[in-house]
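Here is what each chain is made of, one letter per residue.
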Amino acid sequence: MKILIIVRRYGPVGGMERYVWELTRELHTMGHEVEVLCEVCLTKKPENIAVYELGKIAWRPRWLSLLRFGWRAARWLKTHPHPGWLVHSHERVNVHHITTFHGPPFASVFEKPFWRLLSVRVLMQLYLERRELTKPFYIIPNSHVIGKQLAHYYPKLACKLTEPIVPGVQPGTLRTRRTVSANGGVIGFIGKEWQRKGLLLAVEIVAHLRKRRPDLELWVIGPPPEEIQSLFASWQEGYRLLGWSEQSRYAEFDVLLHPAKSEPYGMVISEAMAARVPVVVSDVCGAAAQITPDAGTIVPLDAACKQWADEVEKQLCRSDIPPLFVRGWNDVAHEYETIYRSIYENNL
């Protein structure tokens, strides 16, 4: 098959971007002809995958940036027609046969006070989102959470929704079987968007646990240390602010704590499980659907701090090791291949 992938930033530079990067490479490995249309390529271009860059666009205001990218993509396809090619978008465009939806619908704004709708920004975001969802034959959510939200806000388009195709996981270093000291342990938190991902609650939970485990440490990976140092103003020790690192440190954690307020999927959760690290996450995380009882715990977001602390304590005290979570990017590509074939057979 011939597949044209549309994404603004091409390269393994974020959750959605890694999803696209890995998918394109796996599709090529499977023998498909793959091309990428992007705003900018942020890594060395893969061999045998043609990458077309449209040029950088100012990122603010976001709605205008998305609109301009959509215009450029449409003009490029008009100038460079691709008859017989399937167009798979991950962006707010209107030239695609299928779209993958990676984040929470902007239509959730309808749950907020009506005056929040009274702006050009909101109206344009709603227009771009509906246009993206109306155009294709299929809408692929990247988690059950996103799928349910899309069906709720766009019931007339729910017939286009497929089963979620969740991200794959690269094999990494495995956590060794070990007994955590009764007084210590290492709790890991990962996320650049630390407010949305629940760092404030994580700090509160670990502070509560340190009353019974004085040597317990919280390691924070993602945000710049100077940005979050004030959260630890009352701490003398027991934390490490490690900034961002491309190198995985999951195997050094005893528990991954991810009490996110909103999390469409949460690749750090599946990556931790792939390293055999126990996880404790909020019930709004899309990746919660992949957590089995022996892999960790799902806690209601509105649970009291004590309940969160008790669940983390259970994972610290466990003597067994979680099962290995396995989901290759080739699995992701094969699931897309099934959808692609359906479109080829019925619509192209």
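Residues numbered from 1 in each chain as written. Predicted model: local features only at pLDDT ≥ 70, side-chain atom pairs only at ≥ 80, totals over all residues. Heavy atoms only, no water.

Caption draft 1: How the structure looks around the packing of aromatic side chains. The full count for this structure, using the stated rule, is ten aromatic pairs. Taken together, a centroid distance of 5.8 Å and an interplanar angle of 85° make the contact between Tyr-19 and Trp-329 edge-to-face. With Tyr-19 in helix H1 (residues 15-29) and Trp-329 in helix H9 (residues 329-346), this residue pair connects regions lying 310 residues apart in the sequence. One exposure class covers both Tyr-19 and Trp-329, and it is buried. Following the ring pairs from residue to residue traces out a cluster consisting of Tyr-19, Trp-329, Tyr-336 and Tyr-340. A cation over a ring is seen here: Arg-8 above Trp-59, with NZ or CZ 4.1 Å from the ring centre. A cation over a ring is seen here: Lys-192 above Trp-244, with NZ or CZ 4.6 Å from the ring centre. (Phe/Tyr/Trp six-rings, centres within 6.5 Å; stacked < 30°, edge-to-face > 60°. Helix = DSSP H or I, 4+ residues; strand = E, 2+ residues; numbered from the N terminus. Buried < 20%, exposed > 50% of the residue type's maximum accessible area, 1.4 Å probe, protein only. Lys NZ or Arg CZ within 6 Å of the ring centre and 35° of its normal.)

Caption draft 2: Structural context of the sheet that holds strand E11 (residues 239-243). With parallel pairing, the six strands of this open sheet are ordered in space as E11-E10-E9-E12-E13-E14. Looking at which strands have only one partner, the edges of the open sheet turn out to be E11 and strand E14 (296-299). Across the sheet, the mean angle from the axis of one strand to that of its neighbour is 20°, orientation sign disregarded. In the sheet, strand E9 (residues 186-190) pairs with strand E10 (residues 217-221) via five bridges, with the strands oriented parallel. Across the sheet, the residue bridging to Ile-190 is Ile-221, located in E10. Against the sheet, helix H7 (residues 267-274) contacts E9, strand E12 (255-258) and strand E13 (279-282), and its axis sits at roughly 170° relative to E12. (Pairing = 2+ DSSP bridges. Axes fitted to C-alpha atoms, helices over the stretch in contact; angles between N-to-C directions. Contact = heavy atoms within 4.5 Å.)

Caption draft 3: Structural detail: the sheet that holds strand E3 (residues 33-38). Strand order in this open sheet of six strands is E5-E3-E1-E6-E7-E8, and the pairing throughout is parallel. Looking at strand neighbours, the two that pair on one side only are strand E5 (50-53) and strand E8 (138-141), the edges of this open sheet. With strand direction ignored, the average angle separating the axes of adjacent strands in the sheet is 20°. Alignment of strand E1 (residues 2-6) against strand E6 (residues 86-89), held across four bridges, turns out to be parallel. Paired with Ile-3 across the strands is Leu-86, a residue of E6. Against the sheet, helix H2 (residues 62-79) engages E1, E3 and E5, with an angle of about 135° to E3. Of the strands in this sheet, strand E7 (98-101) and E8 are in contact with helix H4 (residues 144-153), which crosses E8 at around 135°.

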